[in-house]
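Chain by chain, the residues run as shown.
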Amino acid sequence: MTPLDTLDAHLSGLAAALLPYRREAQRLASWGSELAWTLARGGRLLVAGNGGSAAEAQHLTAELVGKLRHDRQPLSAIALHAETSALTAIGNDYGYDEIFARQVRAHGRPDDLLLLLSTSGTSPNLLTAAHAAHDSGLRCWAFTGPAPNPLADLCHDALAVPSDDSQVVQELHLVSTHLLCEYVDQALPLVRQLPRAPWREPARAGRSPEGGRDRAGRDGLVLASVDGVAPLGGGHGSNGHGANGHHRNGGTTGTGWVET
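Residues numbered from 1 in each chain as written. Predicted model: local features only at pLDDT ≥ 70, side-chain atom pairs only at ≥ 80, totals over all residues. Heavy atoms only, no water.

### Quick word on the overall build of the protein
Broken down by element type, the protein carries 8 helices and 8 strands. The buried share of the protein, taken over its 260 residues, is 48%. When contacts within the protein are restricted to residue pairs at least 6 apart in sequence, those whose partners lie at least 24 apart make up 74%. When the accessible surface of the protein is split by element, carbon and sulfur atoms take 53% of a total near 11300 Å². (Helix = DSSP H or I, 4+ residues; strand = E, 2+ residues; numbered from the N terminus. Buried < 20%, exposed > 50% of the residue type's maximum accessible area, 1.4 Å probe, protein only. Contact = heavy atoms within 4.5 Å. Areas by Shrake-Rupley, 256 points an atom, 1.4 Å probe, with all protein chains shown as cover.)

Quick look at the structure:
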């Protein structure tokens, strides 16, 4: 196989995943709106992954604490693998499966967000972290490879890249990272202007993966669609938890009401 053959084979795998990946635009826009609201009101994003996914997790937090394109206030985002002393201490004392979960319990507050990155969706330390997020009241998202997989099923929502090639999955996770930050920056000016409003029970309120109410009984915010960005808590377009089989989360569909 020539170098050009190797390149063409890789690009062919990437191209095959691009068309179904386009369906994720609405999901990422909705996530960006929700993340913007969470961070603008003083919440925090926790991110974790292993290996290359750890590097991408840290890339995401760097864009939020720093900036993507234009100057703005720093946003609170922590890559859990980057705290090496805590990571090694927890791994030594409690086992490798706990390295992220214990940090989620330490840093996470109710209504913060946890984003977990995994090409396989089977990493035990990420699954344990997702359980810790549910126990601590955090909303949990995942970037994974093809669904169904255990991590996608455990999280409230997941972006599952439809490719069996882990390199292609990670490359599209990086695209997703940049797009998520773009949507956050688009939504921030709007969420900072909107008033709070009483919570209204969504038309299709669901339950969290572990049985608890996902969003209920709290004050909310009306967030209308702007520049094609879905309302916070809105549906996910053609994926809608259908293309990836994610009819499990407690998010809402077709409503602009979100929790605070």
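Next comes the rest of the write-up.
### Regarding helix H3 (residues 52-65)
In this model, H3 (14 residues) spans 20 Å end to end at C-alpha, consistent with the 20 Å of a helix rising 1.5 Å per residue. By the burial criterion, the buried members of H3 are Ser 53, Ala 54, Glu 56, Ala 57, Leu 60, Thr 61, Glu 63 and Leu 64. In this structure, the buried residues of H3 make contact with helix H2 (25-40), strand S1 (45-49), strand S2 (77-79), strand S3 (113-117) and helix H8 (166-191). (Expected span 1.5 Å × (residues − 1).)

### Structural notes on the packing of H3 against H8
Put simply, H3 and H8 touch, their axes get as near as 10 Å, and they point 15 degrees apart. Between H3 and H8, the crossing angle belongs to the class labelled roughly parallel. Between H3 and H8 lies a crossing of right-handed hand. Contact residues: H3 offers Gly 52, Ser 53, Glu 56, His 59, Leu 60, Glu 63 and Leu 64, while H8 offers Gln 170, Glu 171, His 173, Leu 174, Thr 177, His 178, Leu 180, Cys 181 and Val 184. Classifying every residue of the contact of H3 with H8 by side-chain character gives 6 nonpolar, 7 polar and 3 charged. (Axes fitted to C-alpha atoms, helices over the stretch in contact; angles between N-to-C directions. Parallel < 35°, antiparallel > 145°, perpendicular 65-115°, else oblique. Left-handed = near helix turned anticlockwise from the far one by under 90°. Nonpolar A, V, L, I, M, F, W, Y, C, P; charged D, E, K, R; others polar.)

### Side note on the pattern of salt bridges
In the structure shown here, the tally under the stated rule is 6 salt bridges. Glu 98 is paired through a salt bridge with Arg 105; the nearest N and O atoms lie 3.1 Å apart. For Glu 98, a relative accessible area of 22% gives the class partly exposed. (Salt bridge = Lys/Arg side-chain N within 4 Å of Asp/Glu carboxyl O.)

### Details of the packing of helix H1 (residues 3-21) against H8
When two helices pack together, you describe them by how their axes are tilted relative to each other and by the distance separating the axes. It is the contact of H1 with H8, at a shortest axis distance of 10 Å, that shows an interaxial angle of 50 degrees. Regarding the angle of H1 to H8, the classification is oblique. Of the two elements, H1 crosses H8, and the hand of that crossing is right-handed. Where H1 approaches H8, its residues His 10, Gly 13, Leu 14, Ala 17, Leu 18 and Tyr 21 are matched on the opposing element by Gln 167, Val 168, Glu 171, Leu 172, Val 175, Ser 176 and Leu 179. For the contact of H1 with H8, the class distribution of residues is 8 nonpolar, 4 polar and 1 charged.

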